[in-house]
Amino acid sequence: MWELWTLLLLTVAYFLWPKIRRPGAKYPRSLPALPLVGSLPFLPRHGHLHANLFKLQEKYGPIFSFRLGTKNTVIVGQHQLAREVLIKKGKEFSGRPYVVTLDILSNNQKGIAFADYSPHWQLHRKLVQATFALFKDGNQRLEKIICQEVSSLCDFLATQNGKSMDLDFPVFLAVTNIICMVCFNSSYKYGDHEVKIIHDYNKGILDTLGRDELVDIFPWLMIFPSKTLGLMKKCVNIRNELLNKILQKYKEKFSSNSITNLLDILIQAKLNSSNSSSGPDQDSKLLSDKYILATVGDIFGAGVETTTSVMKWTVAFLLHNPQLKKKIQEEIDQNVGLRHTPTISDRNRLVLLEATIREVLRIRPVAPLLIPHKATSDSSIGEFAIDKGTRVIINLWALHHNEKEWLQPDQFMPERFLDPTGSQLISPTLSYLPFGAGPRSCVGESLARQELFLSMAWMLQRFDLEVPEDGQLPSLEGDPKVVFLIKPFKVKIKVRQAWREAQAESSA
């Protein structure tokens, strides 16, 4: 019997004991660590993790590490080092670490957001990029799709004239429909049951990802029942069932003569690999329904909640800065007018609006801690050695709030993105990476930027967004999960008198 206990203890020690480092190598300074639990007792327990890690830079420097269980994590909080990780050595740090909750979300690291560096990830990312290329020109271009949905959003908001409301669901519907058009050329209407399903499972997934589960540090805890993991699995199953139903219906009408969206691209790629003269190859296996569903699920997950959140943050900051909102509306009135709706070509004329969006992305980044990277080989960051398999996290919050790079970084100041005359957009520092960079950068950056600009331009042209009658301003503290969410708030919708008069004149 004692032999079995000895074997068990040796096995546990092997998996829980820190791995030997390279002799003579210089590693980033580390937080203290204890056996088994690592640095967990020494990490701040209260407040936002991204802000706490930023504060730790005062003691440990712009790159430091800590250990959770047996896994070393390196935190990078300086833009020069961040660019080295993301761009200069992008391939060496393109891996994704295994995380229990994210593994459930990604159906065992499928898709493109949480998949490890692999032929599958390379293939699917390439196909997603090919999808966005479809929408650059012609009647399908993104701008037209976005404007159609923003127009519907504004028409709905007009029915709420004089009322105070939460913008969450109307904005969510508009952004969801844009993603639906990109993925499978369809959209939803208010009241459609499937929209509520998508909204609810999205909320459930974000809630579970924001709970800092110990199972992500100690995967062996999966043997015990967990309400959080149970909820995650339930939400992912609901998502997969819905997307699978859409996929099976879509297959029935698929035509190789009409490639117009993401599902077309993925299905056609599978057919091409299956019909290859050399016989079915590895690509065919990597394009099974499970892989396709994971990639479509990633586009939904990454494309809907992120843009919805930034739009709500933008409205919130405008409610806190009514004079700024008024100046943006004056800019729209002077440079676009009230008889024509804004287009992407107006971006260089609506520079204050564009600067405001950029400032929102700085002061409240979509993901304050970028999705963790993993070293795919022994490498280095700056002067420090990084072993293969090390988890590397870019603290975007630190980059965007560094006093050496930004004047009064905690203040909301859109003018920092404008030249002294206020007429030209500028890039004040390289310490600004709202969409990441390199091989793992946000594949939908162009879509997101267009959505944010057009949505806010249309809304501010047509409506006055005001503080509700109770005078309750939105909280700007935020709720950091995988996405930096804003706490629910209400805004009073008022159709602008100038808009009314312009429409009356044009119809007379």
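One can find the structure itself at the top, above this paragraph.
For clarity, every value in this text was computed on a predicted model and none was experimentally measured.

S.K.: For the nonpolar core, give the residues involved together with the corresponding values.
M.R.: Of all hydrophobic cores here, the largest spans 122 residues; its most connected members are Leu 167, Phe 184, Val 296, Phe 300, Val 315, Leu 353 and Met 459. Here the element with the most residues in this core is helix α12 (residues 289–320); it accounts for 15 residues. Not counting chain neighbours up to four residues away, the residues in contact with Met 459 comprise Leu 153, Cys 154, Leu 157, Leu 167, Met 311, Val 315 and Leu 465. Among the nonpolar cores identified, the runner-up in size contains 19 residues, and Ile 63, Val 74, Val 85 and Leu 396 belong to it.

S.K.: Let's hear about helix α2 (residues 49–60): which residues, and what values?
M.R.: Compared with an ideal rise of 1.5 Å per residue, which puts 12 residues at 16 Å, α2 spans 16 Å between its outermost C-alpha atoms and is within 8% of the ideal. Taken residue by residue, α2 has His 50, Ala 51, Asn 52, Leu 53, Leu 56, Gln 57 and Tyr 60 as its buried positions. Count one or two residues on from α2 and you reach Gly 61, which has phi positive near 95 degrees.

S.K.: Could you give an account of the sheet that holds strand β9 (residues 463–466), naming the residues involved and the relevant values?
M.R.: Spatially, the 3 strands line up as an open sheet ordered β4-β12-β9, and their pairing is antiparallel. Each having just a single partner strand, β4 (164–165) and β9 make up the two edges of the open sheet. Looking at chain direction, β9 and strand β12 (residues 491–495) are connected through 4 bridges and run antiparallel. Considered in β12, the bridge of Asp 464 is made with Lys 494.

S.K.: Account for the state of the cysteines, with residues named and values stated.
M.R.: On inspection of all chains with the given rule, the structure shows 0 disulfides. The thiol sulfur of Cys 183 is not disulfide-bonded, and the nearest other cysteine sulfur, from Cys 180, lies at 7.0 Å. Sulfur of Cys 442: no disulfide; nearest cysteine sulfur belongs to Cys 183 and is 13 Å away.

S.K.: A description of the packing of aromatic side chains should follow, citing residues and the corresponding values.
M.R.: Per the stated rule, a full pass over the model turns up 12 aromatic pairs. Ring plane angle 55 degrees and centroid distance 5.6 Å describe the contact between Trp 313 and Phe 484, whose orientation is recorded as tilted. Taken as a pair, Trp 313 in helix α12 and Phe 484 in strand β11 (residues 484–485) lie far apart in primary sequence, 171 residues in all. Side by side, Trp 313 and Phe 484 carry an identical accessibility label, which is buried.

S.K.: Can you tell me about the packing of helix α14 (residues 351–363) against helix α16 (residues 445–462), naming the residues and giving the values?
M.R.: One way to put it is that α14 packs onto α16 with a least axis distance of 10 Å and a crossing angle of 125 degrees. By the angle between their axes, α14 is oblique relative to α16. For the pair α14 and α16, the crossing hand works out as right-handed. On α16, the residues touching Leu 353, Glu 354, Ile 357 and Leu 361 of α14 are Leu 452, Phe 453, Met 456, Ala 457 and Leu 460. Within the contact of α14 with α16, the residues separate by chemical class into 8 nonpolar, no polar and 1 charged.

S.K.: Tell me about the pairing of strand β2 (residues 63–68), and name the residues and values.
M.R.: Buried residues dominate β2, accounting for 6 of its 6 residues. Judged by which residues are buried, β2 turns out to be covered on both faces: Ile 63, Ser 65 and Arg 67 on one side and Phe 64, Phe 66 and Leu 68 on the other are all buried. Strand direction decides the pairing type here: strand β1 (residues 29–30) and β2, joined by 2 bridges, are parallel. Counterpart to Ser 30 in the pairing with β2 is Ser 65. Read as a crossover between parallel neighbours, the route from β1 over α2 to β2 is right-handed. Pairing of β2 with strand β3 (residues 71–76), which is carried by 6 bridges, proceeds in the antiparallel orientation.

S.K.: Describe the sheet that holds β1, naming the residues involved and giving the relevant values.
M.R.: Strands sit in the order β1-β2-β3-β8-β5 across an open sheet of 5 strands; the sheet is mixed. Lying at the two open borders of the sheet, with one neighbouring strand each, are β1 and β5 (373–374). With 2 bridges connecting them, β5 and strand β8 (residues 391–394) associate as antiparallel partners. Within β8, the residue paired with His 373 across the bridge is Val 392. Seen against the sheet, α2 touches β1, β2 and β3 and runs at an angle of roughly 115 degrees to β2. Contacting β2, β3, β5 and β8, helix α3 (residues 79–88) crosses the sheet at an angle of about 125 degrees to β8.

S.K.: Got a sec to walk through the pattern of salt bridges? Specific residues and values, please.
M.R.: With the rule as written, the count across this model stands at 22 salt bridges. One salt bridge in this structure joins Glu 469 and Lys 492, with 2.3 Å as the shortest N-O distance. Separated by 23 residues along the polypeptide, Glu 469 in the loop between β9 and β10 (479–480) and Lys 492 in strand β12 bring together distant segments of the chain. Relative accessible area serves as the criterion here: at 64%, Glu 469 is assigned to the exposed category. Residue classification places Lys 492 among the buried residues on the basis of a relative accessible area of 13%. Taken together, the salt bridges that share partners define one network made up of Lys 251, Lys 270 and Asp 289.

So, how was this worked out
Each chain carries its own residue numbering, running from 1 in the written order of its sequence. In keeping with the model being predicted, local features are shown solely for residues with a pLDDT of at least 70 and side-chain atom pairs are shown and tallied solely at 80 or more, while totals for entire chains, interfaces and linings include all residues. With hydrogens and water stripped out, all remaining heavy atoms of the structure feed into the side-chain values. By nonpolar core is meant a set of buried Ala, Val, Leu, Ile, Met, Phe, Trp, Tyr and Cys residues that side-chain atoms within 4.5 Å join together. For the exposure calls, accessible area comes from a 1.4 Å probe over protein chains only, and a residue counts as buried if that area is under 20% of its type's maximum, exposed if over 50%, partly exposed in between. Put simply, DSSP H or I for four residues or longer makes a helix, DSSP E for two residues or longer makes a strand, and each gets a number counted from the N terminus. In what follows, residue pairs with any heavy atoms lying within 4.5 Å of each other are defined as contacts. Expected helix span is given by 1.5 Å per residue-to-residue step, counting one fewer step than there are residues. DSSP-based pairing: two strands are paired if at least 2 bridges between them are found. Our working definition of a disulfide is a cysteine sulfur pair at a distance within 2.5 Å. Stacked, tilted and edge-to-face pairs are distinguished by plane angle, under 30 degrees for stacked and over 60 for edge-to-face with tilted covering the rest, among Phe, Tyr and Trp rings (Trp via its six-membered ring) whose centres lie within 6.5 Å. Structural elements are reduced to axes, namely lines fitted to C-alpha atoms, with helices fitted over the stretch in contact, and the angle between N-to-C directions of any two is expressed from 0 to 180 degrees. Any angle between 65 and 115 degrees counts as roughly perpendicular, while under 35 counts as roughly parallel, over 145 as roughly antiparallel, and the rest as oblique. Take the far helix as the reference: if the near one is turned anticlockwise from it by less than a right angle, the crossing is left-handed, and if turned clockwise, right-handed. Side-chain classes are defined by residue name, with Ala, Val, Leu, Ile, Met, Phe, Trp, Tyr, Cys and Pro counting as nonpolar, Asp, Glu, Lys and Arg as charged, and the others, Gly among them, as polar. When the strands point away from the viewer and the connection leading from the first strand across the helix to the second strand turns clockwise, the crossover is called right-handed. For this document, the term salt bridge refers to a Lys or Arg side-chain nitrogen within 4 Å of an Asp or Glu carboxyl oxygen.

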